[in-house]
Amino acid sequence: MSETQMTLFGESESEWSNESDKSKLLEWSYSRRGTLEQCARKYYYEYYGSNLQKAKEDPQKAKLRFLKKLQNRHLRSGDILHYVIRWYLKEFQQGKQRSLGQVLQWAKKDFRADIKYSQQYEHGSPLSDDFRYPKLLLEFYYGLPDVKSVCADTEERLVTALTNFITSQNIAQFREGARKASALIEESARMKNDDFTLSGKVDLVYWEDDRIVIADWKIGSAGSSDDSLQMLAYAWWAKQEFKRPVDYITAHQVHLADDIVSTFNVSEKALTRVEARILQDLEWMQEADSFGRRGLVEAFTPCAQPKVCALCKFQEVCPKE
């Protein structure tokens, strides 16, 4: 395992130089292992079928690469939330106080641009890779009957989340922490040990007296059983990066739409469990990797869960049975 290189939060299409070495896997990521757990067929489409360097004989390669660019309304609103907050905090750190109206105007403008683009999209037209270009929402692409209503609800939740971020006293500690010159906003995080490499981007890190405070923004509700995995991985990185004992690290998930802050216990025992979980997941992914690279899509069973399928970008090609 000593030569295994895994990426915790990032994604890539590069591949190992020696495919015969089964001890090597392209990457381990929080989102990747979540996809595999949720739906094995979606996992294949996302990481193999749509990848130019893997499953090269997949006859649906072009279609899968197109569908991979779709976004559902929840993920898109989360992206908008993050980059608007990043802009606000960077300005705030430089002494520029942006108003709630400015924040909401930008967020609503971008989400409505996605809706307009999706309404006018002509099937067969290519999708841009430029992050500044509006996104095609899968709810419109697949003709969800109540698409306007659900998108209106999503915009309302986005507005609520950003309003809470700017005005809530419950979140004031994080706004004030971000004002400090030493605060790190969307910091690239990288940690390497003998077995693997973790890398990603932490929403906010700052010092409070002699403690390190980590905050991660969420637009959705609290309660995921895997929330602690992501946050403890951030804490693991902070421990190495700042050379501080775990007792001096605090990790929070901030659920903005609900105005709830979840705090996670950071301990050596907890970090040991995280390492064990990563290595366990890696073995699971390695088994899937041998089938995925060869394009053996039948080895990846669709989950056939209506709620999962409704938000999946690959509905057009998935048999669902």
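Residues numbered from 1 in each chain as written. Predicted model: local features only at pLDDT ≥ 70, side-chain atom pairs only at ≥ 80, totals over all residues. Heavy atoms only, no water.

## Quick look at the overall build of the protein
- Per the secondary structure count, the protein includes 11 helices and five strands.
- Among the 321 residues that make up the protein, the fraction classed as buried is 49%.
- Of all intrachain contacts in the protein linking residues separated by at least 6 positions in sequence, the fraction that spans at least 24 positions is 65%.
- Accessible surface, the protein as shown: approximately 15,800 Å² in total, 49% of it carbon and sulfur. (Helix = DSSP H or I, 4+ residues; strand = E, 2+ residues; numbered from the N terminus. Buried < 20%, exposed > 50% of the residue type's maximum accessible area, 1.4 Å probe, protein only. Contact = heavy atoms within 4.5 Å. Areas by Shrake-Rupley, 256 points an atom, 1.4 Å probe, with all protein chains shown as cover.)

## A word on the packing of aromatic side chains
- Counted according to the given criterion, the structure contains 22 aromatic pairs.
- Judged by centre distance (5.9 Å) and plane angle (65°), the rings of Tyr44 and Tyr45 are edge-to-face.
- Owing to a relative accessible area of 2%, Tyr45 belongs among the buried residues under this scheme.
- Between Tyr141 and Tyr142, the aromatic rings sit 5.0 Å apart at their centres with planes inclined by 80°, giving edge-to-face as the arrangement.
- The rings of Tyr43, Tyr44, Tyr45, Tyr47, Tyr48, Phe300 and Phe314 are connected pair by pair, giving a single aromatic cluster.
- Directly above the aromatic system of Tyr47 lies the positively charged group of Arg32, at a separation of 4.4 Å from the ring centroid.
- The lysine or arginine in question, Arg244, covers the ring of Tyr248, its NZ or CZ lying 4.4 Å from the ring centre. (Phe/Tyr/Trp six-rings, centres within 6.5 Å; stacked < 30°, edge-to-face > 60°. Lys NZ or Arg CZ within 6 Å of the ring centre and 35° of its normal.)

## Concerning the pattern of salt bridges
- For the structure shown, the criterion picks out 19 salt bridges.
- Among the ionic pairs, Arg98 bridges to Glu91, the shortest N-O distance being 2.5 Å.
- The partly exposed category is assigned to Arg98, whose relative accessible area is 25%.
- Between Glu268 and Lys239 there is a salt bridge; the shortest N-O distance is 2.8 Å. (Salt bridge = Lys/Arg side-chain N within 4 Å of Asp/Glu carboxyl O.)

## Quick look at the side chain of Lys135
- Counting through the fold element by element, Lys135 comes out in the loop between α5 (100–120) and α6 (138–141).
- Despite its burial, Lys135 pairs with no opposite charge; the closest candidate is Asp130, at 6.8 Å N-O.
- When sequence neighbours within four positions are dropped, the list of residues in contact with Lys135 reads Gln71, Arg76, Asp114, Tyr117, Ser118 and Asp130. (Lys, Arg positive; Asp, Glu negative; His and termini not counted.)

## Quick look at the side chain of Lys42
- Its place among the elements puts Lys42 in helix α2 (residues 40–49).
- An unpaired buried charge is present at Lys42: no salt bridge exists, and Glu46, the closest side chain of opposite charge, is 6.2 Å distant.
- Of note is the side chain of Lys42, whose polar atom sits 3.4 Å from the side chain of Gln38. (Polar contact = N/O pair within 3.5 Å; in protein donor to acceptor, adjacent residues only side chain to side chain.)

## Focus on the nonpolar core
- Formed by 35 residues in total, the largest nonpolar core has its most connected members in Leu81, Leu162, Phe165, Phe174, Leu204, Trp217 and Leu256.
- Among all residues touching Leu81, those that are not within four sequence positions of it are Leu158, Ala161, Leu162, Trp217, Lys218, Ile219 and Leu256. (Core = buried A, V, L, I, M, F, W, Y, C linked by side-chain atoms within 4.5 Å.)

## Quick word on the packing of helix α4 (residues 73–93) against α5
- The contact between α4 and α5 brings their axes to 10 Å, and the two run at 150°. Crossing handedness for the pair α4 and α5: right-handed. From α4, Arg73, Arg76, Ile80, Tyr83, Val84, Trp87 and Tyr88 reach across to α5, where they touch Gln102, Val103, Trp106, Ala107, Asp110, Phe111 and Asp114.
- Of the residues belonging to the contact of α4 with α5, the class tally is nine nonpolar, one polar and four charged. (Axes fitted to C-alpha atoms, helices over the stretch in contact; angles between N-to-C directions. Left-handed = near helix turned anticlockwise from the far one by under 90°. Nonpolar A, V, L, I, M, F, W, Y, C, P; charged D, E, K, R; others polar.)

## Re the packing of α4 against helix α8 (residues 172–179)
- In contact at an axis separation of 8 Å, α4 and α8 are set at 55° when each is read in the N-to-C sense. Here α4 is positioned oblique relative to α8, judged by the angle of their axes. Each of Leu89, Phe92 and Gln93 in α4 lies in contact with α8, whose residues at this interface are Arg175, Glu176, Ala178 and Arg179.
- A breakdown of the residues in the contact of α4 with α8 according to their chemical character gives three nonpolar, one polar and three charged. (Parallel < 35°, antiparallel > 145°, perpendicular 65-115°, else oblique.)

## Things to note about unusual backbone geometry
- Phi angles above zero are rare outside glycine, and Asp209 is one such case at about 60°.
- Inspection of the secondary structure assignment puts Asp209 in the loop between β2 (197–208) and β3 (211–218).
- At Ala304, a position not held by glycine, the phi torsion is positive, near 55°.
- By the element assignment, Ala304 lies in the loop between α10 (268–292) and α11 (306–310).
- The class of Ala304 is partly exposed, set by a relative accessible area of 40%.

## Observations regarding α4
- Over its 21 residues, α4 extends 30 Å from the first C-alpha to the last, a length consistent with the 30 Å expected when each residue adds 1.5 Å.
- Of the residues that open α4, the one with a side-chain oxygen 2.9 Å from the backbone nitrogen of His74 is Asn72.
- At the exit of α4 stands Gly95, carrying a positive phi of roughly 85°. (Expected span 1.5 Å × (residues − 1).)

## Topic: the pairing of strand β4 (residues 249–255)
- For β4, a buried count of seven out of seven residues is recorded, marking the element as mostly surrounded by other parts of the structure.
- Of the two faces of β4, the one carrying Ile249, Ala251, Gln253 and His255 and the one carrying Thr250, His252 and Val254 are both buried.
- When β3 meets β4, the two strands line up parallel, connected through seven bridges. What sits directly across from Val213, in β4, is Thr250. (Pairing = 2+ DSSP bridges.)

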